[in-house]
Amino acid sequence: MTLSLALLICILLYLDSWPVGQFLLGRPVLLLPLLGLACGFPLAGLWLGLVLELLAVRSLPMGSSLPPEPGLAGAWSLLSLGLGPQPFLARLPAEEGMLLALLLALPLCWIAPWLTEAQRRLNGRLWRPLFQGAVLAGNAPRCGRLMGAVMGQTVLLAGLASTLMLLALPVLGAWLEPLAGRLAAGRLAGLLPLPWALLAVALGGLWRHVGGRRGSRFLWSGAAIGLALAWLGGILP
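Residues numbered from 1 in each chain as written. Predicted model: local features only at pLDDT ≥ 70, side-chain atom pairs only at ≥ 80, totals over all residues. Heavy atoms only, no water.

(A) Just the overall build of the chain, in detail. Across its full length, the chain holds 9 helices and 0 strands. N-terminal to C-terminal, the α/β element order of the chain is α-α-α-α-α-α-α-α-α. Looking at the 237 residues of the chain, the share that counts as buried comes to 46%. For the chain, the proportion of contacts with a sequence separation of at least 24, taken over those separated by at least 6, is 76%. In the structure as shown, the chain presents an accessible area of about 12000 Å², 72% of it carried by carbon and sulfur atoms. (Helix = DSSP H or I, 4+ residues; strand = E, 2+ residues; numbered from the N terminus. Buried < 20%, exposed > 50% of the residue type's maximum accessible area, 1.4 Å probe, protein only. Contact = heavy atoms within 4.5 Å. Areas by Shrake-Rupley, 256 points an atom, 1.4 Å probe, with all protein chains shown as cover.)

Next up, the structure:
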């Protein structure tokens, strides 16, 4: 996977999930297994897609809402670790790579939507007065040109944000690699810690959909408990 191809995928994914279409092509359960297969890491893509889909089951970018964006976050995580002729994930055991991708993707689910927040602020402050003037003047061609400029801004900001993520996440992944290795190597009650971490995130995600906004607290506490159990499994004999 090359940087230019990964960047194009991220831009198209963002355009589909927010300003154009919203055909739900970026649902994690569909997108991430396909990206994992394309990058040569189908197992990591499958697990990441299954877990992150639980964060997106009841979340749609409708109106002024700013829900988590697991599709884009998972794509940033998986593509950044699969770049180049010698991808980062290729150097890691399967379970360690899956955990590392998940550790990167979870916080990104809440960081990615701020790209849309920045777009909304620019649209309101910069483009809205121009559109209002063109509409009041009855200048339809100018409205078309302004729409093209707004779409260009959307592509530019999505490209800049994705470039930053694709280049920075491997550095962060190298920093988190010892933690992922310890989690993958540890055992607790005779079980590998990976199921503990995935189960905790899954239960937290399901509770979020049952409990509404208050369920988000259970999401994070469930993830924290799962990772704590895995860490204890790594240090206990």
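(B) Examining helix α2 (residues 28-39) more closely. In this model α2 runs 15 Å from its N-terminal to its C-terminal C-alpha over 12 residues, within 8% of the 16 Å that 1.5 Å per residue would give. What α2 keeps buried is the set Pro28, Leu31, Leu32, Pro33, Leu35, Gly36 and Cys39. Following α2 by one or two positions, Gly40 adopts a phi angle in the positive range, close to 90°. (Expected span 1.5 Å × (residues − 1).)

(C) Spotlight on the packing of α2 against helix α4 (residues 70-81). In the contact formed by α2 and α4, the axes pass within 10 Å of each other and the chain directions differ by 10°. When the axis of α2 is compared with that of α4, the two are roughly parallel. Note that α2 runs across α4; the crossing there is right-handed. Residues Pro28, Leu31, Leu32, Leu35, Gly36 and Cys39 of α2 pack against Pro70, Gly71, Gly74, Ala75, Leu78 and Leu79 of α4. Split into classes, the residues belonging to the contact of α2 with α4 amount to 9 nonpolar, 3 polar and no charged. (Axes fitted to C-alpha atoms, helices over the stretch in contact; angles between N-to-C directions. Parallel < 35°, antiparallel > 145°, perpendicular 65-115°, else oblique. Left-handed = near helix turned anticlockwise from the far one by under 90°. Nonpolar A, V, L, I, M, F, W, Y, C, P; charged D, E, K, R; others polar.)

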